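Close look at the chain arrangement
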Amino acid sequence: MESDVIVVGAGPAGLAASIVSSSMGLKTILIEKSPEIGYPVKTSAFTFKEVIEQWNLPREVMIKWYTSFYMYSAHSKREVEVDFGRVIGGCLDYPRFLKELSVKAIERGTKIILSDAVVEPLLNGDVVEGVKTLHGKKIKSKIVIDSSGPAAVIGRKLGLVPKSTEIEMGIGIEYEMHNVKVRNPKAIDFYVGRKDVVPIGYGWIFPLSNNRARIGICTVYNTPEEIDEKNIEYWHSRFLSEDSVIYHRVKNAQPYAIHKGVYPLCGMLEKPYGNGLLLAGDSAAQASMLVGEGIRYALEFGKIAAEVAVEAFKEKDFSEDFLKIYVRKCKALLGEYFDVATDLLDVPTDEYWETVVDAIIRYKDLDSEKILKYLRTEMTYNDAKKLFPNFRNRYLRR
Ligand SMILES: Cc1cc2nc3c(=O)[nH]c(=O)nc-3n(C[C@H](O)[C@H](O)[C@H](O)COP(=O)(O)OP(=O)(O)OC[C@H]3O[C@@H](n4cnc5c(N)ncnc54)[C@H](O)[C@@H]3O)c2cc1C
């Protein structure tokens, strides 16, 4: 079997890459190890509004739209509400969202192989010439786009992706629950505090209706700050327990789904490409290290990877020397944003969150767009210095 482009993994990065690659006339094969695209769900699936517009998706893929958020600090017992006065984003019906994208890819000519995992690249020296699958298929291609998420199955084999024990990794778990006492279905609730919520990271309630919500926490491994060894399930069960600040909301609630997964927080890889290879999405660590948001980035970088593949076909050059233009294009999109976020990741938990709460109190009525930039990981160094003046010259390195 042969293809122009092989895309590994049907998450948002792989589906975006497949849509763009096949719509530009490249023969595209997408290989997904799961028997059903969208499962298992390993995300809370909050995303910003423009994703629905840019990818021309039906509004119903969003289960609930949000106009505001609350943040409660268990450390200082302060709560703040920010109302943007308009919809900013919402929580996706994630399997439906990915299926809608799959349909777009199929309509443009992508061939999809399900229930077969890519196990290794077909190599000629250091040139990736295709993939081998678990079920024994050998598929040749000019370009492989590795969008297999944190597994980074090809990138890892080629030594482009550091071991997960060597980089900062985010880990998250949430329950989707019924009988939740939701206070405002249009508002996200964030909970922070090193001792009472989670040592590093934050907790959330994403309402799905008046009595259903996704309730979870995320934390970070391998940080410079010492963290308690207890695992994420411990902190999550504590978040739902009688000792928790949210107990009054969940005391009668029961879970009907668990979403759990990891995501890289090290910032985009130095080299997310090789000869005949591009990495997109979580496989290239293209997710926000500030809040763990990755869906919007996976879509964008999947699209850019496919655009670079199209250019490579035009130039008939699949060498890493040509494909390195991918990094320039990615950096043009990110600007300083991920550098700022990386710096902020070093701030100890309570100092960080108290400063965030201070900033929100200061700007919520004055200029809530500044807070939105923070939420979207779209702060330049100048923005961050205005928002967090006491981090200037301490954590913000530029
Ligand atoms: C608990 C949690 C909550 C999160 N919440 C949010 C949120 O609210 N909003 C947000 O924007 N981001 C969130 N994220 C991050 C976001 O989910 C990821 O950044 C995003 O899914 C990355 O997309 P991707 O396409 O790169 O990878 P993935 O979504 O991981 O997709 C990779 C695909 O590749 C497949 N695959 C893996 N290995 C192979 C193989 N060998 N062969 C074939 N297929 C393979 C997988 O089955 C999967 O379908 C969260 C993450 C976690 C863990």
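The rules behind these values
Residues numbered from 1 in each chain as written. Predicted model: local features only at pLDDT ≥ 70, side-chain atom pairs only at ≥ 80, totals over all residues. Heavy atoms only, no water. Near = heavy atom within 4 Å. Polar contact = N/O pair within 3.5 Å; in protein donor to acceptor, adjacent residues only side chain to side chain. Areas by Shrake-Rupley, 256 points an atom, 1.4 Å probe, with all protein chains shown as cover. Helix = DSSP H or I, 4+ residues; strand = E, 2+ residues; numbered from the N terminus. Nonpolar A, V, L, I, M, F, W, Y, C, P; charged D, E, K, R; others polar. Domains from an automatic or database assignment. Core = buried A, V, L, I, M, F, W, Y, C linked by side-chain atoms within 4.5 Å. Buried < 20%, exposed > 50% of the residue type's maximum accessible area, 1.4 Å probe, protein only. Contact = heavy atoms within 4.5 Å. Axes fitted to C-alpha atoms, helices over the stretch in contact; angles between N-to-C directions. Parallel < 35°, antiparallel > 145°, perpendicular 65-115°, else oblique. Left-handed = near helix turned anticlockwise from the far one by under 90°. Pairing = 2+ DSSP bridges.

**A closer look at the site of the ligand**
In the region of the ligand, 34 residues are neighbours, and Glu32, Phe46, Val118, Asp282 and Ile295 sit closest. Contact distances for the ligand include 2.9 Å between a nitrogen atom and a backbone N or O atom of Val118. Here the ligand has 990 Å² of accessible area as a free molecule, and 89% of this is covered by the chains. A total of 3 residues in the shell around the ligand trace back to one element, the largest contributor, which is strand E17 (residues 254-264). A breakdown of the residues in the shell around the ligand according to their chemical character gives 17 nonpolar, 12 polar and 5 charged. In this structure, the shell around the ligand is formed jointly by two domains, domain 1 (5-45 + 93-162 + 266-334) and domain 2 (64-88 + 166-264), each of which donates at least three residues.

**Comments concerning the nonpolar core**
Counting 104 residues, the largest nonpolar core has Phe69 and Phe97 as the members making the most contacts within it. No other element matches helix H7 (residues 295-315), which puts 13 residues into this core. Setting aside residues up to four positions removed in sequence, Phe69 forms contacts with Val80, Glu81, Val82, Phe84, Ala187, Ile188, Phe190, Ile360, Ile371 and Leu375. Counting 21 residues, the second-largest nonpolar core is a separate cluster that includes Val182, Val197, Val198 and Ile217.

**Some points on the packing of helix H1 (residues 12-23) against helix H3 (residues 94-107)**
Helix packing geometry: the angle between the two helix axes and the distance between the axes. Between H1 and H3, the shortest axis-to-axis distance is 8 Å and the interhelical angle comes to 20 degrees. Here H1 lies roughly parallel to H3, going by the angle between them. Considering only the axes of H1 and H3, their crossing is left-handed. Here Pro12, Leu15, Ser18, Ile19 and Ser22 of H1 lie close against H3, whose contacting residues are Tyr94, Leu98, Leu101, Ser102, Lys104 and Ala105. Across the contact of H1 with H3, the residue classes break down as 7 nonpolar, 3 polar and 1 charged.

**Things to note about the environment of Arg394**
The residue Arg394 is located in the segment after helix H13 (381-387) in this model. For Arg394, a relative accessible area of 48% puts it in the partly exposed group. Placed 60 residues apart in sequence, Arg394 and Leu334 show a C-alpha to C-alpha distance of 23 Å. Within polar-contact distance, the side chain of Arg394 engages the side chain of Glu351 at 2.8 Å.

**Comments concerning the sheet that holds strand E9 (residues 118-124)**
If you trace the 3 strands from one edge of the open sheet to the other, you get E9-E10-E11, paired in antiparallel fashion. Either end of the sheet is taken by a strand with one partner, and the two such strands are E9 and strand E11 (138-140). Taken over all neighbouring pairs, the strand axes of this sheet differ in orientation by 30 degrees on average, direction set aside.

As far as function goes, none of this settles anything; it's purely spatial.
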